[in-house]
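Overview (structure and organization)
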Amino acid sequence: MPPSPAFFRSIYSEIEEVGWEHLVKLEEDLTSLSFRILDKKGHVHMLDIELFQDYPKSAPCISADVPYICELQWSTKSRLKDVVQHFREQLEKLQEFWSTMGEIDQGLAVVDKKQLSRATTCCQISLGNNSYLMLSINSHSPKSLPECRFFGPDSAVDSFRRKWIKNQREWATDKSVPENLANVLETTLPGPSFVSKDDPQVDCGICYAIYLPVDSELGVISGSAPDYTCDNPNCCKAFHSLCVRDWLRSITTTRQSFDVLFGNCPYCSEPVAVKVNSSHWTTK
């Protein structure tokens, strides 16, 4: 049974409260929609919402690229703006976790970092000599002692295991993960390895799609893949230049001079610039 006209009017009204500029996807029956949400650091997050036919009697189902979804407090008087506000509050709580993951990414030799996402709580660290550490960070308490598993030849990892067991009580919550690991393992750990820009990335870091829509209005860039990779070797995120332009236009900190928009990479905050009417963008 298709949704009633009253359902359509209600959903349109609730989208208006959130802001149409944040809407990136809407199914014809209005039961599935996605919002693009910026956190306080200007990073982009996609919030996917599924609505049931008896909405708002039944709470919506929400999903996002985050390590966990907080329980949604819901009543028949709740609205989509309450879902978005709930998600914004969760993003604020997760800032310390993402900051910790950023310290790991920038301070240690993370393996396959392009396969990691904002929901990832585990990462594999190279210790050298074909030895690796699987690090699991508690997203609720990222500064606390993480779970660690060592992999590699026994001759290489046995020493690390013994030092971990002996020194893990020295883990200090006021120090970064790289500092703590170096202290507990009593060694200088390899730094981040260079990530080649030629390595493939499956999707755009803003719209999360591999290809732009096939649309005559997009001209030569219709159906194109991400055409730029961030110059920061600790980021290397790929984007569609069109998505970068639209994203820069959506935030208040963007500056414009003549036909150029100036802002920051949504992932690492590296300065970027894109021409308003061009399919190419550059770092500055």
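This section reports on the structure supplied with the text. Being a predicted model, the structure only gives us computed values, none of them experimental.

Some remarks on the nonpolar core
The biggest cluster of nonpolar side chains holds 47 residues, and the ones touching the most others in it are Phe35, Ile49, Ile104, Leu135, Phe150 and Leu181. Counting residues per element, this core draws most heavily on helix α2 (residues 80–93), which supplies five residues. Look past the residues within four positions of Phe35 in its chain and what remains in contact with it is Ile15, Val18, Gly19, His22, Leu23, Val24, His45, Met46, Leu47, Ile49 and Val84.

Topic: the packing of α2 against helix α3 (residues 95–107)
At a minimum axis distance of 4 Å, the contact between α2 and α3 shows a crossing angle of 45°. In terms of orientation, α2 lies oblique with respect to α3. In contact with Leu91, Glu92 and Lys93 of α2, α3 contributes Gln95, Glu96 and Trp98. In terms of residue class, the contact of α2 with α3 is built from two nonpolar, one polar and three charged.

Regarding the side chain of Asp105
The residue Asp105 is located in helix α3 in this model. Under the relative-accessibility criterion, Asp105 is labelled buried at 16%. Apart from residues lying up to four places away in sequence, Asp105 is in contact with Val110, Lys113, Pro192 and Asn234.

Calculation criteria
- Residues numbered from 1 in each chain as written.
- Predicted model: local features only at pLDDT ≥ 70, side-chain atom pairs only at ≥ 80, totals over all residues.
- Heavy atoms only, no water.
- Core = buried A, V, L, I, M, F, W, Y, C linked by side-chain atoms within 4.5 Å.
- Buried < 20%, exposed > 50% of the residue type's maximum accessible area, 1.4 Å probe, protein only.
- Helix = DSSP H or I, 4+ residues; strand = E, 2+ residues; numbered from the N terminus.
- Contact = heavy atoms within 4.5 Å.
- Axes fitted to C-alpha atoms, helices over the stretch in contact; angles between N-to-C directions.
- Parallel < 35°, antiparallel > 145°, perpendicular 65-115°, else oblique.
- Nonpolar A, V, L, I, M, F, W, Y, C, P; charged D, E, K, R; others polar.

All we've got here are geometric facts, nothing functional implied.
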